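Residue strings, one per chain:
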Amino acid sequence: MPIYEYECSAHGRFDELRGFSENRLPADCPVCGTSCQRAVSLPRAPIMEAGLVRAHDRNERSRHEPAVHAGKLAGWLAQALGGKGGGRPDMAEAGAKDIAGLDAALDRVYDHVASIL
């Protein structure tokens, strides 16, 4: 349930826990019982440090716009092994003919991804 803020002309602002369907109804002041209207106020979002805000922003962006395209990465890896691969930005698959070089190719993946980022 959301918390709404109301204002009493005699006693100031107070909070009230109410259902969404009651968001426009007045609330009684807990001190004097006067019917009070909802006050317009800013959302009560927690204040975060700048580094945390950047990390949160990057996580949200990467959920929708991955920095490393999975289809391109799978294609790059499969090509190194004589195969083919591809897919969407967030999911991919690949197949290879020569898996003898798989360990060496996987070792190069970290460097390849680091060069993209």
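To start, this report covers the structure provided alongside it. Model, not experiment: these values are computed from the prediction.

Procedures and definitions
Residues numbered from 1 in each chain as written. Predicted model: local features only at pLDDT ≥ 70, side-chain atom pairs only at ≥ 80, totals over all residues. Heavy atoms only, no water. Helix = DSSP H or I, 4+ residues; strand = E, 2+ residues; numbered from the N terminus. Rg over C-alpha atoms; globule rule 2.2 N^0.38 Å. Contact = heavy atoms within 4.5 Å. Lys, Arg positive; Asp, Glu negative; His and termini not counted. Charge placed at Lys NZ, Arg CZ, Asp CG, Glu CD. Core = buried A, V, L, I, M, F, W, Y, C linked by side-chain atoms within 4.5 Å. Buried < 20%, exposed > 50% of the residue type's maximum accessible area, 1.4 Å probe, protein only. Phe/Tyr/Trp six-rings, centres within 6.5 Å; stacked < 30°, edge-to-face > 60°. Salt bridge = Lys/Arg side-chain N within 4 Å of Asp/Glu carboxyl O. Polar contact = N/O pair within 3.5 Å; in protein donor to acceptor, adjacent residues only side chain to side chain.

### Overview of the overall build of the protein chain
Line of reasoning, step 1. Each helix and strand in the protein chain was counted, giving three helices and six strands.
Line of reasoning, step 2. When the helices and strands of the protein chain are read in sequence order from the N terminus, they spell out β-β-β-β-α-α-β-β-α.
Line of reasoning, step 3. Against the compact-globule benchmark of 13 Å for 117 residues, the protein chain has a radius of gyration of 28 Å, which places it well outside the compact range.
Line of reasoning, step 4. Structurally, the protein chain occupies a C-alpha span of about 80 × 30 × 15 Å along its principal axes.
Line of reasoning, step 5. Considering only contacts within the protein chain whose residues lie at least 6 apart along the sequence, 28% involve residues at least 24 apart.
Line of reasoning, step 6. For the protein chain, the distance from the average position of its 14 positive side-chain charges to the average position of its 16 negative side-chain charges is 6 Å.

### Remarks on the nonpolar core
Line of reasoning, step 1. If you look at the biggest cluster of nonpolar residues, it comprises seven residues: Tyr4, Tyr6, Cys8, Phe14, Ala27, Cys29 and Cys36.
Line of reasoning, step 2. With three residues, the top contributor of residues to this core is strand β1 (residues 3-8).

### A look at the packing of aromatic side chains
Line of reasoning, step 1. For the structure on display, the rule yields one aromatic pair.
Line of reasoning, step 2. Seen from their ring centres, Tyr6 and Phe14 are 5.8 Å apart, and the 20° between their planes marks the pair as stacked. Accessibility assignment for this pair places Tyr6 and Phe14 in one class, buried.

### Some words on the side chain of Arg18
Line of reasoning, step 1. Checked against the element boundaries, Arg18 lands in the loop between β2 (12-17) and β3 (27-28).
Line of reasoning, step 2. As a buried residue without a salt bridge, Arg18 has its nearest oppositely charged side chain in Glu16, at a separation of 4.2 Å.
Line of reasoning, step 3. Polar contacts involving the side chain of Arg18 include one to the side chain of Tyr6, which spans 3.4 Å.
Line of reasoning, step 4. Once you skip the residues sitting within four places of it in the chain, Arg18 turns out to touch Met1, Pro2, Tyr4, Tyr6, Leu25, Pro26 and Ala27.

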